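Working through the structure, step by step
As a plain string of letters, each chain reads:
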Amino acid sequence: MCTTCGCGTDEVKLEGGSAGHRHVHGDEHVHADGTRHSHEHGHDPAHEHSHEAGEGHGHSHAPGISATRRVQIEQDILSKNNAYAHENRQLLAGQGIFALNLVSGPGSGKTTLLCKTITMLGGLPVAVIEGDQQTSQDAERIRATGAPAVQINTGKGCHLDAHMVGHAMSRLALKDDSLLMIENVGNLVCPAAFDLGEAHKVVILSVTEGEDKPIKYPDMFRAASVMLLNKIDLLPHLDFDVEAALAYARRVNPQIRVIQLSAIRGQGMDEWLQFLRDGLASAVAAKQETVDSLRQRIAQLEAQLASAPAQG
Amino acid sequence: MHEMSLAEGVLQLIEDAARQQAFAKVRTVWLEIGQLSGVEPEAMAFCFDAVTRGSIAQGARLEIIRLPGTGWCMACARTVPMAEVFGECPACGGHQMQVTGGTEMRVKELEVT
């Protein structure tokens, strides 16, 4: 593992080349040769609040004799990941991209849902980041729909982190005013804690699973703002209690928005597609607002410059 | 839940601090772990030992400070203790609860030489 930026060159593989990589965050570096190097990331807050404690007791000691001292850290364990997520979020906001982090257990129908979604959205630009421990089969399924996709293989890793996603984003050459769908590793536990820079986590529960999953895996259902209840076309054949599932989900997360759908048969897909279009429209509007306010500021500054008395 | 990744995160913060503050050995690490963070202290201790092997924090004592879970009950309109993320309000028994504390996962302090 690269001890500086924490990227696991041994385990994590980005499809289409894993020997070296380009950093999109500030300083670029290539480490195909395995040399160690250091670089500072722009948003790394790790050193802002550190200070030494335990000094100033009025004792002195000879140099070379080590004494223990206390160092205040006061840093969130996930602060590195969160700094990368912040960079991803800023990049996405700057391009008016609406990004979703799709999380679920294995077999809930995430990839099928994505393929159908891309097809039903027509010409709307969608890019996909696929996370799996092994194989690039999911990315190939996505590419068959015509959408660009990049596969991240996490090796032994059980979740995507913001650093891997940052690399995948630069590989995808994302379009302005588009959708980015990040399909996380099939796992209802670990991905809950890792912010990738997305607008929302969307948790997918299929009716072929237990209705009590929201209380068995509460962290994920609490981290998500939207829950898709998938495969509802199968309900007539199952004992799945929809009301109980929704009640469990709301017990863990009273604010969660629920959309019931069947990716295969198409029921409920309109509501989901509308959610995506609305989200994209808001992302584009937010970008435009930023651009407009910057243009206004430039105009103000130019006016000031023009009216300022000529110097020297 | 994913204590191995978290332990690696702890080690990164320690190594950053070591570069900044020039220390060579870590004796004690204090972590603050909230009751609702999903982190198992025993699993954390196990993973911490594993990932710090061969690092400046090898053999360091891990002290985990547990912080209590608290939530805001919408029905009672007040803060109440919470044992689980989906816990019920101890006052009214309702589930309209928002977690307000106990999700912390922080490196608080180091004892170094």
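See the structure printed just above.
Here goes a summary of the coordinates provided.

Thresholds, definitions, all that
Residues numbered from 1 in each chain as written. Chains lettered and ligands numbered in written order. Predicted model: local features only at pLDDT ≥ 70, side-chain atom pairs only at ≥ 80, totals over all residues. Heavy atoms only, no water. Helix = DSSP H or I, 4+ residues; strand = E, 2+ residues; numbered from the N terminus. Rg over C-alpha atoms; globule rule 2.2 N^0.38 Å. Buried < 20%, exposed > 50% of the residue type's maximum accessible area, 1.4 Å probe, protein only. Pairing = 2+ DSSP bridges. Right-handed = clockwise from strand over helix to strand, strands pointing away. Contact = heavy atoms within 4.5 Å. Polar contact = N/O pair within 3.5 Å; in protein donor to acceptor, adjacent residues only side chain to side chain. Buried area = accessible area lost by both parts, 1.4 Å probe. Salt bridge = Lys/Arg side-chain N within 4 Å of Asp/Glu carboxyl O.

**Let's talk about the overall build of chain B**
Check the secondary structure of chain B and you find 2 helices and 6 strands. Start at the N end of chain B and walk to the C end: the helices and strands fall as α-β-α-β-β-β-β-β. Against the 2.2 N^0.38 benchmark of 13 Å for 113 residues, chain B shows a C-alpha radius of gyration of 17 Å, more extended than a compact globule. When its C-alpha atoms are laid out on the principal axes, chain B stretches across 50 × 25 × 15 Å. Burial statistics for chain B: of 113 residues in total, 48% are counted as buried.

**Let's talk about the pairing of strand β1 (residues 26-34) of chain B**
Residue and element names in this part refer to chain B. When you tally the buried positions in β1, you get 8 out of 9 residues, the bulk of the element. Taken together, the 7 bridges between β1 and strand β6 (residues 105-112) define a ladder with antiparallel strand orientation. Considered in β6, the bridge of L31 is made with V107. Inspection of the sheet shows β1 paired to strand β2 (residues 61-67) by 7 bridges, in the parallel sense. Paired with E32 across the bridge in β2 is I65. A crossover links β1 with its parallel partner β2, the connecting element being helix α2 (residues 41-52), and its sense is right-handed.

**Re helix α4 (residues 162-172) of chain A**
All names here are of chain A. Of all 11 residues in α4, 9 are buried, a share of seventy percent or more. By the burial criterion, the buried members of α4 are A162, H163, M164, V165, G166, H167, A168, M169 and L172. Contacts from the buried residues of α4 go to β1 (13-14), α1 (79-94), β5 (126-132), β6 (149-153) and β7 (179-183). N-capping of α4 is provided by D161, with a side-chain oxygen placed 3.0 Å from the backbone N of H163. Downstream of α4 by a residue or two, A173 has a phi angle that is positive, lying close to 50°.

**Considerations on the interface of chain B and chain A**
Between chain B and chain A, the residue contacts involve 40 residues of the former and 37 residues of the latter. The contact between chain B and chain A buries some 3600 Å² in all, and 57% of this surface belongs to carbon and sulfur atoms. Counting the contacts that link chain B with chain A gives 4 salt bridges. The partner of E74(A) in a salt bridge is K108(B), and the shortest N-O contact between them spans 3.1 Å. Here the side of chain B that touches chain A gets 12 residues from one element, more than from any other, and that element is helix α1 (residues 3-21) of chain B. Looking at chain direction, strand β3 (residues 69-76) of chain A and β6(B) are connected through 6 bridges and run antiparallel. Across the sheet, V71(A) pairs through a bridge with L110(B), a residue of β6(B).

By themselves these figures say nothing about function.
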